[in-house]
Amino acid sequence: MDSKTQLTDGQMIYLFRHLMQHSLEGFVATSSDLETIILFSPSAESIFGVKSEDVIGTKVRDLYQDPDERDSIMGQLFKEGSVWYVTKFRKGKGTLEEHIIDISFNLTLIRDEEGEIIGTMGEVRDITRLNKLSYAKELLEKENKKYQKGIMNLLYSILDDFDPETANHSQRVSIYSEKIARKLGMTDEEIEQFYIKVFLHDIGKIKINKDKLVNGKTYLDGDEEVEHIRMHVEHGADLLTTSEMPEGVIEVARHHHERYDGKGHPDKLAGEDIPLAARIVAVADSYDSMVEIRLYKISMDKETAIEELKRCSGREFDEKKLFEHNKKALRNVIEKEIKYLMSSESVGNIKMIADMANEYISSVEKSDDTILGYDIISISSSWEQDITAKTMPNESREILLKSLDRISKSSEEFLGRRMQKELQFDPKIAGVFIEYLQSTENPLC
Ligand SMILES: [Fe+2]
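Residues numbered from 1 in each chain as written. Predicted model: local features only at pLDDT ≥ 70, side-chain atom pairs only at ≥ 80, totals over all residues.

Turning next to the packing of helix α7 (residues 188-199) against helix α11 (residues 247-255). Axis separation between α7 and α11 bottoms out at 8 Å; the angle between their running directions is 40 degrees. Relative to α11, α7 is oriented oblique. Crossing of α7 over α11 shows right-handed handedness. Within the contact between the two elements, α7 uses Ile196, Lys197 and Val198 and α11 uses Gly248, Val249 and Val252. Here the residues of the contact of α7 with α11 are counted per class, giving four nonpolar, one polar and one charged. (Axes fitted to C-alpha atoms, helices over the stretch in contact; angles between N-to-C directions. Helix = DSSP H or I, 4+ residues; strand = E, 2+ residues; numbered from the N terminus. Parallel < 35°, antiparallel > 145°, perpendicular 65-115°, else oblique. Left-handed = near helix turned anticlockwise from the far one by under 90°. Contact = placed C-beta atoms within 7 Å. Nonpolar A, V, L, I, M, F, W, Y, C, P; charged D, E, K, R; others polar.)

In structure tokens, the structure reads:
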């Protein structure tokens, strides 16, 4: 370093003075007793609201809101040589405007050339405004969360009032989806938004005729009703669009019934063209429909539902186990139908119904996975001919025929179509969920 670039002692003093005069940070120095103020810069004057001539020679501890705090800070200073601290001081001490401010300061020991302590130097900054801002932000965030929670609770109550099953289903699917999302690595913040998206997936059902969803309807009658209920995805997307919800929320409502193989609805999206959140909901939603008792469906146990998830995601599954379950489920459908017919006042011929029941049940017991329930379908059609030929009131005939039709449809569903492998779900998501289901006793906890 040549002499031109090396500062002289005089220049150093000048620079230090310049810094003292113009820095936004305040400087406060004490003498070798580490207490008495010997330097108080102009910025320190404006930060503490006192003139330097009024504080020079006084004790620095008196500036603190709690003067005893100075002792613990000094203890730390001796241990570490310097401390960075945030605490409260008095501004305008002794004046009418005296009030408390938040200060951040960096305190160091000053040593002479021999290493002797000759005082302390504190650089101080007023962070009251900054603290207020971050406090206000924190409050706002808390408030927003409260609103969000309130709106979710309100939505739950509205859904619950409309159809308790839809409300409970939405809640359960949200819990399952959250489990999957966490396993896929979503962060807490992402999960918060994701939960809302999932909770609203079936919101379109409020546009569906209420009696199609509940009120004693045992089964869906005909394609028209199925189509009507299917429309809930479009209704949901429309509702959320009108409400100016973010795109991600609308997407889940619209696409949660798409299938991974492109055979779903409403847009026949396939693979990863289906938004991730909608793919997650598709798996969680189906699982919930399988294990929960719906008015128009028979519920499965957890193990069978897992086999179904495997079957529908192209993963390995146990055909035998599924077949046995299907047999049991079909038997339940028939028993339920017969019970319904027996209790129906318009259907008088009890003997005929009892015969029908026996024939059906023994057929279910006999059937194996090669027959796949086709004999049940054929019994249905021979019974159909019998009923049509018999003399009975039209009303009774209609009830009997509808019942037969439902048994026959269930046979096809349980013992036929359901035995084929399908690619309805994203295999990765289904795999993650299956792993979760197998690892826990109660998947909703
Ligand atoms: Fe749905």
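After presenting the structure, the write-up continues.
Turning next to unusual backbone geometry. Here His265 and Pro266 are connected by a cis peptide whose omega angle stands at 10 degrees. The backbone phi angle of Glu244 is positive, close to 60 degrees, even though this residue is not glycine. Mapping Glu244 onto the fold places it in the loop between α10 (232-242) and α11. Classification of Glu244 by C-beta neighbours within 10 Å gives exposed; the count is 7. Despite not being glycine, Lys268 has its phi angle at roughly 55 degrees, a positive value. (Buried ≥ 20, exposed ≤ 12 C-beta atoms within 10 Å, placed from the backbone.)

This paragraph deals with helix α1 (residues 9-22). With 14 residues, α1 extends 20 Å from end C-alpha to end C-alpha; this agrees with the ideal 20 Å at 1.5 Å per step. Buried residues are scarce in α1, accounting for zero of its 14 residues. (Expected span 1.5 Å × (residues − 1).)

Further remarks concern the environment of Ile110. Secondary-structure assignment places Ile110 in strand β4 (residues 99-111). For the pair formed by Ile110 and Thr30, sequence separation is 80 residues and the distance between their alpha carbons is 9.3 Å. Apart from residues lying up to four places away in sequence, Ile110 is in contact with Ile118, Gly119, Thr120 and Met121.

Two elements, strand β1 (residues 26-30) and strand β2 (residues 37-40), share three bridges in a ladder whose sense is antiparallel. In the sheet register, Val28 faces β2, and the bridge partner there is Phe40. Two successive antiparallel strands, β1 and β2, enclose a turn made up of six residues, where Leu34 displays a positive phi of approximately 65 degrees. (Pairing = 2+ DSSP bridges.)

Contact geometry of helix α6 (residues 164-183) with α7 gives a least axis separation of 9 Å together with a crossing angle of 145 degrees. For the element pair α6 and α7, the recorded crossing hand is right-handed. Residue-level contacts link Ser170, Val173, Ser174, Ser177, Glu178, Ala181 and Arg182 of α6 to Ile191, Phe194, Tyr195, Val198 and Phe199 of α7. A breakdown of the residues in the contact of α6 with α7 according to their chemical character gives seven nonpolar, three polar and two charged.

Taken as a whole, the protein shows an average pLDDT of 85; of its residues, 89% reach a score of 70 or greater. Contacts of residues 214-219 to residues separated by more than four positions or lying in other chains number twelve contacts, the stretch itself having pLDDT below 50. (pLDDT = per-residue confidence, 0-100.)

Working definition: the strands of a sheet are paired by backbone hydrogen bonds and lie parallel or antiparallel to each other. Taken in spatial order, the five strands make up an open sheet running β2-β1-β5-β4-β3, and their pairing is antiparallel. The sheet is open, and its two edges are formed by β2 and β3 (82-91), each paired on a single side. The sheet shows a mean angle of 25 degrees between the axes of neighbouring strands, taken without regard to direction. Running at roughly 165 degrees to β3, helix α4 (residues 69-80) makes contact with β3 and β4 of the sheet.

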